[in-house]
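# Results of the structural survey
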Amino acid sequence: MPYRVFAGPTFAPAPHTRIFLRLRDHGAQAVDELGAALGLPENLVQEPVDELVETGLADGPTLGGPYPSSERLYRFRAEAGVVAAVDMDQHELRLAISDLGGNVVHRSHETSAPTVEPSVRIDTITDVVRSGLADAGLPVQSLLAVSVGVPGHIDRDGRVGPSPVIPRWDGVDLMGELTARLGCPVHLFNDGTMASVAEAFLGFGAIDSDFLGDFVTVCLGRRLCVRQVIDRRPYTGVDRMAGRVAHLFGDRFDTFGQIAWQVDEDGDVVLDRALAGDQSAIDEIHEVISGLAGGIAQMVLLTNPDVVVLGGSIASRLTPWRDAITTAVLRQIDDDGVRLDLRFSPLAGDGSIAGLLVMALELATSALMDESVPPPHPDAWTPLRER
C-alpha cells in the first residue's frame, strides 16, 4: 500500500468532499459561508451538506426551519466514528483511539512475553481494542479502521515477513485475522515507517510548517529504525525494504537494528545510571553515540538531507549529549561543504503510535468520502507529546 499522507487527491475533489474538509478544518459554517469559501453557488452546497447530515458526518438545524440560511450553521461531527492504532513488538502492546477529528480519546499499554504464540497475541489485540472502546464509552460499531504496526517487513500480500524481532510471525495473516474479528478494515504497517510518517505530520514537520525539504529520521528505542522522508512521505522502495542500514551504525546493532546493551539489558536503565554519574554507563552511552554518529554521517553523505531528526524512546533521552553527537557526526563527515542540521523529535517515543493514527484516520475518511482525503491539520490533534 502506498503511503498517501499529504499526497491528497490527484484531481479536484468532489463538492461533498470539499465541504467535508471545510467543516472539519474550519469549524461550523452556514451554507452561504461555505459557498463563498469554496467558490460554489449555494444551490451546489446545500445538497452535499444535506448528504453529510444524513450520513451522520455533520449536523445542523432542521432543514426548512425558521432561520435564514446565513444563520443555519452546520458542524462537522468528529464523534461520528473512531479509528484505532495498535503498536506491537515482542515486549509490549500499545493502543490509541482517536475520533475523526484526530482527538485522542483513549490510550493504554500492556506488556507481554516475547514467547507468546501469534494466536494468543491476536486474541490479546482483539481484547485490548474492544476494552479500549468500552472504556471510552464507544460501541464496537463506531470503529471504522485499525492500523497495526509491527517491527518487521510487510510483504506484498500484507503478511508479516521474516524478522528475528518477532520470529513466530513469519507468514501470519494478522491483517485478515483482525479484520474478521473486529469487523472493520485493518491495515498493517512497519512501525519504523510509521514513526517517519508521524514526524512529517505531527512532529518536526508540524512545528516547522514552512519546511519543504527532505529529512532523515533516526529512531532509537528498543531497536534502530532509519527512514528517508521525501516530500513529507517516507521512501520505502519497491519492496518496502529501504532503510535497513543498521549495519552502518556500529557493532552494537544487529542487521535488524536490535541493540545489545552491556551495563544492563534495558537501555533506559543504562541511561538512568549514566545520568546519575555511573562511569561504566556513561562509557557505554558514548560508545552508542559513536556508532550513531557514524551511521548518521553515512546517511548524510548518501542522501544530503536538509535535516536529520533523532526520535524514539532512547534517542529522545540523549539531549544532554546533543553537542557530543553533533561533533562526532561532523568529525565523521569531515567535509566543510556538507551542512548538518540535527534536531530531536518532539514526539519522543510516541512516533510509531502517532503515525499509525495518522494512517488509520486518512484511510477511514478516504473510504467515507470515496476519494483520497488528507488527515486533519496538525493543529486539530490532541498532541501525543503532551500526554
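This section reports on the structure supplied with the text. Every chain's residues receive numbers from 1 upward, in the order its sequence appears when written. Only residues with pLDDT of 70 or above have their local features reported here, since the model is predicted, and side-chain atom pairs are shown and tallied only from 80 upward, although totals for entire chains, interfaces and linings are computed over all residues. Note that the side-chain values use all heavy atoms of the structure and ignore hydrogens as well as water.

### Observations regarding the overall build of the protein
Under the convention used in this document: Put simply, DSSP H or I for four residues or longer makes a helix, DSSP E for two residues or longer makes a strand, and each gets a number counted from the N terminus. Buried means the residue's accessible area, taken with a 1.4 Å probe over protein chains only, is under 20% of the maximum for its type, while exposed means over 50%, and partly exposed covers the values in between. Residues count as neighbours in contact if any of their non-hydrogen atoms are within 4.5 Å of one another.
On a plain count of helices and strands, the protein comes out with eleven helices and 13 strands. With 387 residues in all, the protein has 50% of them scored as buried. Excluding contacts between residues fewer than 6 apart, the proportion of contacts in the protein whose partners are at least 24 apart in sequence is 68%.

### Some remarks on unusual backbone geometry
For D334, which is not a glycine, the phi torsion comes out positive at approximately 55 degrees. Note on placement: D334 falls in the loop between α10 (322–333) and β13 (342–344). Note on D334: relative accessible area 66%, which makes it exposed. Despite not being glycine, D370 shows a phi value in the positive range, around 60 degrees. By relative accessible area, D370 is classed as exposed at 70%.

### Things to note about the nonpolar core
How we decide: For the purposes of this section, nonpolar cores are sets of buried Ala, Val, Leu, Ile, Met, Phe, Trp, Tyr and Cys residues that join through side-chain atoms within 4.5 Å.
Counting residues in each nonpolar core, the largest one holds 41 residues, and the members touching the most others are I19, F20, L23, V45, L52 and V83. At the level of secondary structure, the elements contributing two or more residues to this core comprise α1 (15–26), α2 (31–38), α3 (43–54), β3 (73–76), β4 (82–88), α6 (191–201) and α11 (351–369). Take this core: its biggest share by element is eleven residues, from α11. Non-local contacts of L52, meaning those with residues more than four positions away in its chain, are made with H16, I19, F20, L23, L57, A58 and M369.

### Description of the packing of helix α8 (residues 267–275) against helix α9 (residues 279–303)
Note the cut-off: Between the N-to-C directions of two axes lies an angle of 0 to 180 degrees, each axis being a line fitted to C-alpha atoms and, for a helix, fitted only over the stretch in contact. Take the far helix as the reference: if the near one is turned anticlockwise from it by less than a right angle, the crossing is left-handed, and if turned clockwise, right-handed. Under this grouping Gly is polar, as are all residues other than the nonpolar Ala, Val, Leu, Ile, Met, Phe, Trp, Tyr, Cys and Pro and the charged Asp, Glu, Lys and Arg.
The geometry of α8 relative to α9 is characterised by a closest axis approach of 7 Å and an angle of 120 degrees between their N-to-C directions. The crossing of α8 and α9 is left-handed. On the side of α8, the interface is formed by V270, L271, R273 and A274, while α9 contributes S280, A281, I282, E284 and I285. Among the residues making up the contact of α8 with α9, the classes are represented as six nonpolar, one polar and two charged.

### So, the pairing of strand β9 (residues 215–220)
Formally: Any two strands with at least two DSSP bridges between them are considered paired.
The element β9 is largely enclosed, with a buried count of six among its six residues. Judged by which residues are buried, β9 turns out to be covered on both faces: F215, T217 and C219 on one side and V216, V218 and L220 on the other are all buried. Summarising the sheet, β9 and strand β10 (residues 224–230) pair through six bridges and their orientation is antiparallel. Each bridged residue has a counterpart across the sheet, and for T217 the counterpart in β10 is R227. Linking β9 back to β10 in an antiparallel pair, the connection comprises three residues. As paired strands, β9 and strand β12 (residues 307–311) are joined by five bridges and run parallel to one another. Bridged to C219 within β12 is G311.

### Describing the sheet that holds strand β8 (residues 186–190)
Taking strand neighbours across the sheet as the criterion, the five strands line up as β6-β5-β4-β7-β8 in an open arrangement whose pairing is mixed. Each end of this open sheet is capped by a strand with a single partner; those strands are β6 (104–111) and β8. The average angle at which neighbouring strand axes cross in this sheet is 15 degrees, direction not considered. In this structure, strand β5 (residues 92–99) lies alongside β6, joined through seven bridges in antiparallel fashion. Opposite A96, over in β6, you have R107 as the bridge partner. Most of the contacts of helix α4 (residues 118–135) go to β5, to which it runs at about 35 degrees, and overall it touches β4, β5, β6 and β7 (143–150). Here α11 sits on the sheet and contacts β4, β5, β6, β7 and β8; the angle it forms with β4, its principal contact strand, is near 145 degrees.

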